[in-house]
Amino acid sequence: MTSEKIIENTISFVKETLKDAEGGHDWFHIERVYNNSRLIASSEDVDPLIVALGALLHDIADSKFHNGDETVGPKVAKAFLSDLNVGEKVIGHVIKIIENISFKGGNTNQSFNSKELAVVQDADRLDALGAIGIARAFNYGGFKGRTLFDPELQPNLKMSKEEYKASTAPTINHFYEKLLLLKDRMNTETGKAIAEQRHTYMQGFLEQFYAEWHGKA
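Conventions adopted
- Residues numbered from 1 in each chain as written.
- Predicted model: local features only at pLDDT ≥ 70, side-chain atom pairs only at ≥ 80, totals over all residues.
- Heavy atoms only, no water.
- Helix = DSSP H or I, 4+ residues; strand = E, 2+ residues; numbered from the N terminus.
- Rg over C-alpha atoms; globule rule 2.2 N^0.38 Å.
- Contact = heavy atoms within 4.5 Å.
- Areas by Shrake-Rupley, 256 points an atom, 1.4 Å probe, with all protein chains shown as cover.
- Lys, Arg positive; Asp, Glu negative; His and termini not counted.
- Charge placed at Lys NZ, Arg CZ, Asp CG, Glu CD.
- Core = buried A, V, L, I, M, F, W, Y, C linked by side-chain atoms within 4.5 Å.
- Buried < 20%, exposed > 50% of the residue type's maximum accessible area, 1.4 Å probe, protein only.
- Phe/Tyr/Trp six-rings, centres within 6.5 Å; stacked < 30°, edge-to-face > 60°.
- Salt bridge = Lys/Arg side-chain N within 4 Å of Asp/Glu carboxyl O.
- Axes fitted to C-alpha atoms, helices over the stretch in contact; angles between N-to-C directions.
- Parallel < 35°, antiparallel > 145°, perpendicular 65-115°, else oblique.
- Left-handed = near helix turned anticlockwise from the far one by under 90°.
- Nonpolar A, V, L, I, M, F, W, Y, C, P; charged D, E, K, R; others polar.
- Polar contact = N/O pair within 3.5 Å; in protein donor to acceptor, adjacent residues only side chain to side chain.

Engineer: Explain the overall build of the chain to me, please; I cannot follow it from the model alone.
Structural biologist: Tallying secondary structure elements over the chain gives 10 helices and 0 strands in all. The C-alpha radius of gyration computed for the chain amounts to 18 Å, which stays within 12% of the reference 17 Å derived for 217 residues, consistent with globular compactness. The principal-axis extent of the C-alpha atoms belonging to the chain is close to 60 × 35 × 30 Å. Sequence-distant contacts, at least 24 apart, represent 67% of the contacts inside the chain between residues at least 6 apart. Accessible area for the chain stands at about 11,300 Å²; split by element, carbon and sulfur atoms hold 50% of it. Between the averaged position of the 25 positive side-chain charges in the chain and that of its 31 negative side-chain charges there is a distance of 2 Å.

Written as structure tokens, this is what we have:
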């Protein structure tokens, strides 16, 4: 099976699997990450098939929606790719991307690195920044029943992985605990340039948010 056919089948599989997913982690999120990955990869020396499959399958079973179980996504992806007779080396690399792509709190180090992971990780992080990032943050916060903002609850920048996953803090806190940290954690030059602009946009949003919250605008 050609790479083009593998990607085509994967797109169909992901669309069907995520048809009822939460709005910030649905097919459209995957599509944006896939497109971002292709943009970034055009300036990087990477395997395009691994980048494509990593982007398309990175959230096929996000642990947030599976009681925190981080093994579900890799298992689903491996079974699907095996059915397509994708080579074991490619499958192994894609699984490593799925296992290591996520931001898991400020004090967690990833255990695997590759140029392909760097591209897909940047693409995924870009979708957590800017206007889309803001929309996704509040969509997920509403999905989880979180408050918008509580001036009495300060962001926790020293959370462990377990604390980060279990957090029920207001959505605004999430900007400081993750979103505003992403700009300085980008891997590629293309990713860094796009992140800079989106980061600035988010800072402007927060300034406006606080002004309106306190009746100043």
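Engineer: I tried to follow the nonpolar core on my own but got confused; where do I start?
Structural biologist: The nonpolar side chains of a soluble globular protein tend to be buried, and buried together. Ranked by internal contacts, the top residues of the largest apolar core, which has 58 residues, are Val14, Leu56, Leu57, Leu81, Val94 and Phe175. Among the elements that make up this core, the one with the highest residue count is helix H3 (residues 48-57) (8 residues). Not counting residues within four places of it along the chain, the set of residues in contact with valine 94 comprises Ile50, Leu53, Gly54, Leu57 and Leu81.

Engineer: Help me understand the environment of leucine 157, please; the structure alone is not making it clear to me.
Structural biologist: Examined against the element boundaries, leucine 157 turns out to sit in the loop between helix H7 (130-143) and helix H8 (161-166). Taking relative accessible area as the criterion, leucine 157 reaches 52% and is therefore assigned exposed. Expressed as a C-alpha distance, the spacing of leucine 157 and valine 120, which sit 37 residues apart in the sequence, is 25 Å.

Engineer: How should I be thinking about the packing of aromatic side chains in this particular structure?
Structural biologist: We describe a pair of aromatic rings using the distance from one ring centre to the other and the angle between the two ring planes. Counted according to the given criterion, the structure contains 11 aromatic pairs. Aromatic pair phenylalanine 175 and phenylalanine 205: ring centres 5.9 Å apart, planes at 20°, arrangement stacked. In this pair, phenylalanine 175 sits in helix H9 (residues 171-177) while phenylalanine 205 sits in helix H10 (residues 189-213), placing the two residues 30 residues apart along the sequence. Assessed through its relative accessible area of 0%, phenylalanine 175 is described here as buried. Here phenylalanine 209 and tyrosine 210 contribute two aromatic rings whose centre-to-centre distance is 5.9 Å and whose plane-to-plane angle is 85°, an arrangement assigned as edge-to-face. Assessed through its relative accessible area of 13%, phenylalanine 209 is described here as buried. The class for tyrosine 210 is partly exposed, based on a relative accessible area of 22%.

Engineer: What should I look at first to understand the pattern of salt bridges in this one?
Structural biologist: Where charged atoms of side chains with opposite charge meet at close range, the side chains can pair. Across all of its chains, the model carries 6 salt bridges by this definition. A salt bridge links aspartate 127 to arginine 32; the shortest N-O distance between them is 2.6 Å. Here arginine 32 lies in helix H2 (residues 27-41) and aspartate 127 lies in the loop between helix H6 (115-126) and H7, a separation of 95 residues in the sequence.

Engineer: Explanation requested: the packing of H3 against H6 in the structure shown.
Structural biologist: Think of two packed helices as two axes; the pair is described by the angle between the axes and how far apart they sit. Between H3 and H6, whose axes approach to 9 Å, the crossing angle comes to 40°. Between H3 and H6, the angle is such that the two are oblique. The chirality of how H3 crosses H6 is right-handed. Counted together, Ile50, Val51, Gly54 and Ala55 of H3 and Glu116, Val119 and Val120 of H6 form the full contact between these two elements. Of the residues that constitute the contact of H3 with H6, the class distribution is 5 nonpolar, 1 polar and 1 charged.

Engineer: Even after reading the chapter, I still don't get H3, so can you show me in this structure?
Structural biologist: For an α-helix the count is 3.6 residues per turn, leaving residues at separations of three or four pointing the same way. Taken across its 10 residues, H3 has 9 buried, putting it largely inside the fold. Where H3 is concerned, the buried positions are Leu49, Ile50, Val51, Ala52, Leu53, Gly54, Ala55, Leu56 and Leu57. With a side-chain oxygen lying 2.9 Å from the backbone nitrogen of leucine 49, the N-terminal cap of H3 falls on aspartate 47.

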